[in-house]
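# Structural overview for review
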Amino acid sequence: MDLLVIPYPDKPHFRDYGFPMKVWEYMATGRPILYSDLDIMREILGDRAHSFKPEEAGDFTKVVASIRLEPAKVEEVAKRNTEAVMNYTWEARAKNILQFIQDKGV
């Protein structure tokens, strides 16, 4: 089973504003994603990926082991990312902004 990993440290740059473009790319693959449990990552990935404590190899290992126990469930969750990522395309974001403006009468 292929796993895509975003192993960011719990440092200000990564924790506060270092959101990587690779998250969208990873979501589009439909493969299982593991990420450092930082708020900025959890906001997008949430329960569509598997988190581990940043900079803790033991926790990372535990998460990988748990993934191996339920491959069908993990694959099912990962496949939802290909649908979810469509909400984050340039076109979808532009539509959301225009809808917001229309709703607010701006």
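Along each chain, residues carry numbers from 1 onward, in the same order as the chain's sequence is written. pLDDT decides what is reported in this predicted model: residues at 70 or higher carry local features, side-chain atom pairs at 80 or more are listed and counted, and totals for whole chains, interfaces and linings draw on all residues regardless. Calculation of side-chain values draws on the structure's entire complement of heavy atoms; hydrogens and water are dropped beforehand.

### As for the pattern of salt bridges
Where side chains of opposite charge bring their charged atoms close, a pairing between them can arise. The working definition used for a salt bridge is a side-chain nitrogen of Lys or Arg within 4 Å of a carboxyl oxygen of Asp or Glu. Enumeration over the complete set of coordinates arrives at 8 salt bridges. The closest approach of N and O atoms between D10 and R15, which form a salt bridge, is 2.8 Å. Judged by its relative accessible area of 36%, D10 is partly exposed. D39 serves as the salt-bridge partner of R42, at 2.6 Å between the closest nitrogen and oxygen. Of this pair, R42 and D39 both sit in helix α3 (residues 39–45), separated by 3 residues, roughly a single helical turn. Each of D10, R15 and D16 takes part in one network of salt bridges that share partners. Under the scheme applied here, a residue whose accessible area is under 20% of the maximum for its type counts as buried, over 50% as exposed, and between as partly exposed, the area being computed with a 1.4 Å probe on protein chains only. Secondary structure elements are defined from DSSP: runs of H or I of at least 4 residues count as helices, runs of E of at least 2 residues count as strands, and each element is numbered from the N terminus.

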